[in-house]
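Commentary on secondary and tertiary structure
The chain contents come next:
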Amino acid sequence: MSEADTDRIEKKIVLRAPRSRVWRALTNAGEFGAWFRVKLEGEFKEGAAIHGKITHPGYEHLTMELQVERIEAEDYFAYRWHPYAVDPTFDYSVEPTTLVEFRLEETDDGTLLTIVESGFDQIPVERRAQAFRMDDQGWAEQTRNIERHVSQP
Amino acid sequence: MSRSRSAVEARWTNAAPVFAALGDTTRLRVVARLCFDGPQSITRLSEGARVTRQAITKHLHALADAGLVRDRRHGRERIWELEPGALAIPRRCLDQISEQWDAVIGRLKAFVEE
C-alpha cells in the first residue's frame, strides 16, 4: 500500500447501455436519485448546491448535499460532498469535501464509466473513524448489498 | 468476480472490537492526537481535554485492548503511541466507502440496463 492510496477511490465499469442513457441516469436529478437512493430537490446545475433526503433503508433520517462542480455533456460530471456525513446534528459545512467525478467513454458493448472520489487525505481522522459508528443493522445491510453485487455474473 | 458472504462478514466481525473502541468521541480525539502529534504522555494528552486524567487513562486502556494503542516506559513516565497497524484506519475507511460505491454502481447498472 502506498501513501497515495489513501486519498482516492477509483471504479471502472462497463454498462451495457448507450452513452446518452448513462448520461441521463447520472445527470437527471430524479434518475440519479432512483439508483443512488436520494430524493433530490431541483436539478443539477454547474456551481449550484442541491440537496435531498436519503431514501436508502435505515438512513432516511439523513440529508445529502452536493455541490455541482462541472457538467460537460455526455462526457464528464463532477460534484463535491462531505463523506461520512452520518450525524444529522453535526454541521459538516466547515469541513473539507471530497470530489466525485464521473467520466463516460463509448465502448463496443456499451459505455465505460469511470468514477473517482478523491480528497480523503484532507478529511480529519476523527471523521474517518466515525464511519465505523454505523450500527450492526447498517453493517448487515451493507454486507448484503455487497454480496448481491459481487454475486452477479 | 465472486466473494463469499462469510468472508465479507468475517472481516467485519473481526473488526468489531476496533469499531467499538472508536465509537466514542473522547477516544476518537485521543487517537487523532496520537496520530497528528505523535507519542505522548497522559499528562500531555489530558491538556485541553474536557475529561479528567483518570478518564483519559481508562480510554487509553480500552484503545489498547482493541489493539489501537500501546504504552512504553520512558523514565518515570509512560508514553502512549498508536500501534503501527492502527494507521490502517484511513485505508479501512476507504475500503468501506469503496464497497458502498460497489453497491451504488450495482444499482446504477441495473437501472440503465433494464
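In short, a report on the structure. Keep in mind it's a predicted model, so treat the numbers as computed, not measured. (Residues numbered from 1 in each chain as written. Chains lettered and ligands numbered in written order. Predicted model: local features only at pLDDT ≥ 70, side-chain atom pairs only at ≥ 80, totals over all residues.)

1. Concerning the overall build of chain B
Looking only at helices and strands, chain B has five helices and three strands in total. Relative to its 114 residues, chain B shows a buried fraction of 22%. Considering only intrachain contacts with a sequence separation of at least 6, the fraction spanning at least 24 residues in chain B is 51%. (Helix = DSSP H or I, 4+ residues; strand = E, 2+ residues; numbered from the N terminus. Buried ≥ 20, exposed ≤ 12 C-beta atoms within 10 Å, placed from the backbone. Contact = placed C-beta atoms within 7 Å.)

2. Some details on the pairing of strand β6 (residues 98-107) of chain A
Residue and element names in this part refer to chain A. Where strand β5 (residues 76-81) lies against β6, six bridges are found, and the strand directions are antiparallel. Bridge pairing in β6 links Tyr-76 to Arg-103. Bridge analysis of β6 against strand β7 (residues 110-118) gives nine bridges, and the strand direction is antiparallel. Bridging from a neighbouring strand, Leu-104 pairs with Leu-113 of β7. Where β6 hands over to β7, the hairpin turn is made up of two residues, counted between the paired strands. (Pairing = 2+ DSSP bridges.)

3. Things to note about the sheet that holds strand β4 (residues 63-72) of chain A
Residues and elements named next belong to chain A. A sheet is described by the order of its strands in space; here seven strands give the open sequence β1-β7-β6-β5-β4-β3-β2, paired in antiparallel fashion. A strand with exactly one partner marks an edge of an open sheet, and here the two such strands are β1 (8-15) and β2 (38-41). Between one strand axis and the next, the sheet turns through 25° on average, direction left out of account. Where helix α1 (residues 19-27) meets the sheet, it contacts β1, β4, β5, β6 and β7, and its direction lies at approximately 165° from that of β6. Contacting β2 and β3 (49-54), helix α2 (residues 29-36) runs over the sheet at an angle of about 160° to β2. (Axes fitted to C-alpha atoms, helices over the stretch in contact; angles between N-to-C directions.)

4. Thoughts on unusual backbone geometry
Residue and element names in this part refer to chain A. For Arg-37, which is not glycine, the phi torsion reads 70° and is therefore positive. Relative to the assigned elements, Arg-37 resides in the loop between α2 and β2. In this model, Glu-74 sits at a positive phi of 55°, which is unusual for a non-glycine residue. Residue classification places Glu-74 among the partly exposed positions, given that 16 C-beta atoms sit within 10 Å.

5. Some remarks on the packing of α1(A) against α2(A)
All names here are of chain A. The N-to-C vectors of α1 and α2 enclose an angle of 85°; their axes lie 5 Å apart at closest approach. Regarding the angle of α1 to α2, the classification is roughly perpendicular. Residue-level contacts link Arg-24, Ala-25 and Leu-26 of α1 to Glu-31, Phe-32 and Trp-35 of α2. Grouping the amino acids of the contact of α1 with α2 by side-chain chemistry returns four nonpolar, no polar and two charged. (Parallel < 35°, antiparallel > 145°, perpendicular 65-115°, else oblique. Nonpolar A, V, L, I, M, F, W, Y, C, P; charged D, E, K, R; others polar.)

6. Some points on the environment of Ile71(A)
Residue and element names in this part refer to chain A. Checked against the element boundaries, Ile-71 lands in strand β4. Its 17 C-beta neighbours within 10 Å are what place Ile-71 among the partly exposed residues. Distance from Ile-71 to Glu-46, taken between C-alpha atoms, is 6.2 Å for residues 25 residues apart in sequence. With residues up to four places along the chain from it excluded, the contact list for Ile-71 reads Thr-27, Phe-44, Glu-46 and Phe-77.

7. A closer look at helix α2 (residues 25-37) of chain B
All names here are of chain B. The end-to-end C-alpha distance of α2 is 18 Å, a good match for the 18 Å that 13 residues give at a rise of 1.5 Å each. Taken together, the buried positions of α2 are occupied by Arg-27, Leu-28, Val-30, Val-31, Arg-33 and Leu-34. Two residues or fewer after α2 comes Gly-38, characterised by a positive phi angle close to 80°. (Expected span 1.5 Å × (residues − 1).)

8. Description of the nonpolar core
Formed by 19 residues in total, the largest nonpolar core has its most connected members in Leu15(A), Val22(A), Ala25(A), Leu26(A), Phe32(A) and Val112(B). Contributing elements (two or more residues each) for this core: α1, α2, β4, β5 and β6 of chain A together with α5 (89-113) of chain B. Of the residues forming this core, the biggest block, four residues, is contributed by α1(A). The contacts of Leu26(A), once residues within four sequence positions are left out, are Phe32(A), Phe77(A) and Phe102(A). In terms of nonpolar packing, the next biggest core, distinct from the first, is built from 14 residues, Ala21(B), Leu28(B), Ile56(B) and Leu68(B) among them. (Core = buried A, V, L, I, M, F, W, Y, C linked by C-beta atoms within 7 Å.)

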